[in-house]
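Working through the structure, step by step
Now for the letters of each chain:
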Amino acid sequence: VPSADQPARLFVTATIQQGWHIYSTTQAGGGPVPTQVRLESAATYRLLGDFQASPPPEEKPEPAFDNLIVQSHEGTVVWYAPIELAPGIDTETLQITGSVFAQPCDAHTCLPPQDFPFVATVGPGVAIAVTPPGRDGPSDGDSAGAPPTGESLPAMPGGAFLGGLIVNLTPC
C-alpha cells in the first residue's frame, strides 16, 4: 500500500522494433524530438515527479545536429515515475490513461512524431536496473529490468516504433 515514504509508481514499457530507435525524454533542444510520457488529468491520481528511464539512454554525438549529444533508446525501455493515488481509490478498478509521444527513426529516416496511447492498471511493477553514477550499465549483481507480463498494443503503423507498449501501476 502506498505511504508517505513509498508512493505508488507508474511503469510504462516500450519495446522498439529492431533497427529503430526513439529519443530520450531528457533529449536536449536543438536536435531530435524528445519523447514525452503524458498522462491524462484525473482526480484519481497525481504525478509526483519526472519519468526516469531504465536502462538510461545511449548517448553519442550526432553529425546531423552539429555534433549535439543525442540520447536514444533501442530495444526495450521502461519509464517510471512516482504517483499519488487519491484517498479511498479502488485500485482494482483504477485505470490511468496516457500516451507516449515519440519520433521513431532508423539509420536513414525518421517518421513524424506521434502519440502511442496506453491504459495502465494495478500490477506487480517492474524490476528496474539501477546504474550508479559513473558506470555504463548494470553489473551482474544489479537487478535486471525485464518487461512485465500483460497486454501489449499491436505494432504501430509502419511497424516502426513499438512492438508492444506495456504499462502498469505498482501500489507500493
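Quick caveat, the model's predicted, so the values are computed rather than measured.

1. Some points on the state of the cysteines
In total, this model carries one disulfide according to the counting rule given. The disulfide that involves C105 links it to C110, with 2.0 Å between the sulfurs. As the torsion about the S-S bond is roughly 110 degrees, the C105-C110 disulfide counts as right-handed.

2. Thoughts on the sheet that holds strand 2 (residues 22-23)
With antiparallel pairing, three strands are arranged side by side in an open sheet as 2-7-6. Each edge of the open sheet carries a strand with a single partner, namely strand 2 and strand 6 (58-62). When strand 2 meets strand 7 (residues 68-73), the two strands line up antiparallel, connected through two bridges. Among the inter-strand pairings, Y23 is bridged to a residue of strand 7, identified as S72.

3. Quick look at the layout of surface pockets
Within this model, the largest pocket holds a volume of roughly 330 Å³. In this structure, the largest pocket is lined by 20 residues; those nearest its centre are H21, Y23, K60, E62 and D106. Looking at the lining of the largest pocket, the elements with two or more residues in it are strand 6 and strand 7. At three residues, the largest contribution of residues to the lining of the largest pocket is made by strand 6.

4. A closer look at the sheet that holds strand 3 (residues 36-39)
On the basis of which strands lie adjacent, the open sheet formed by three strands has the order 3-9-10 and antiparallel pairing. At either margin of the open sheet sits one strand with a lone partner, and together these are strand 3 and strand 10 (114-120). Each strand of the sheet is rotated relative to its neighbour by a mean of 25 degrees, with strand direction disregarded. For strand 3 and strand 9 (residues 96-102), the ladder comprises four bridges, and the chain directions are antiparallel. Counted as the bridge partner of V37 is V100 from strand 9.

5. Observations regarding the side chain of Q27
Secondary-structure assignment places Q27 in the loop between strand 2 and strand 3. A polar side-chain atom of Q27 sits 3.3 Å from the main-chain carbonyl oxygen of I69. Every residue in contact with Q27, bar those within four places of it in the chain, is listed here: P32, P34, L68, I69, V70 and Q71.

6. Some points on the pattern of salt bridges
This structure, assessed with the given rule, holds two salt bridges. Among the ionic pairs, D115 bridges to R38, the shortest N-O distance being 3.3 Å. Here D115, found in strand 10, pairs with R38, found in strand 3; they are 77 residues apart in sequence, far enough to count as distant. Residue class for D115 comes out partly exposed when judged on its relative accessible area of 40%. Classification of R38 by relative accessible area gives partly exposed; the value is 32%. Put simply, R46 and E84 hold a salt bridge, and the shortest N to O gap is 2.9 Å. Taken together, the residues span a long stretch of sequence, with R46 in strand 4 (residues 45-47) and E84 in strand 8 (residues 76-85) at a distance of 38 residues. Given a relative accessible area of 47%, R46 falls into the partly exposed group. Overall, the relative accessible area of 38% leaves E84 in the partly exposed class.

Basis of the calculations
- Residues numbered from 1 in each chain as written.
- Predicted model: local features only at pLDDT ≥ 70, side-chain atom pairs only at ≥ 80, totals over all residues.
- Heavy atoms only, no water.
- Disulfide = S-S within 2.5 Å.
- Pairing = 2+ DSSP bridges.
- Helix = DSSP H or I, 4+ residues; strand = E, 2+ residues; numbered from the N terminus.
- 1 Å grid on protein atoms, 1.4 Å probe; cavity = no way out; pocket = protein on both sides within 12 Å on 5 of 7 lines; lining within 4 Å.
- Points joined across faces, edges and corners; volume = space filled by probe spheres on them.
- Axes fitted to C-alpha atoms, helices over the stretch in contact; angles between N-to-C directions.
- Polar contact = N/O pair within 3.5 Å; in protein donor to acceptor, adjacent residues only side chain to side chain.
- Contact = heavy atoms within 4.5 Å.
- Salt bridge = Lys/Arg side-chain N within 4 Å of Asp/Glu carboxyl O.
- Buried < 20%, exposed > 50% of the residue type's maximum accessible area, 1.4 Å probe, protein only.

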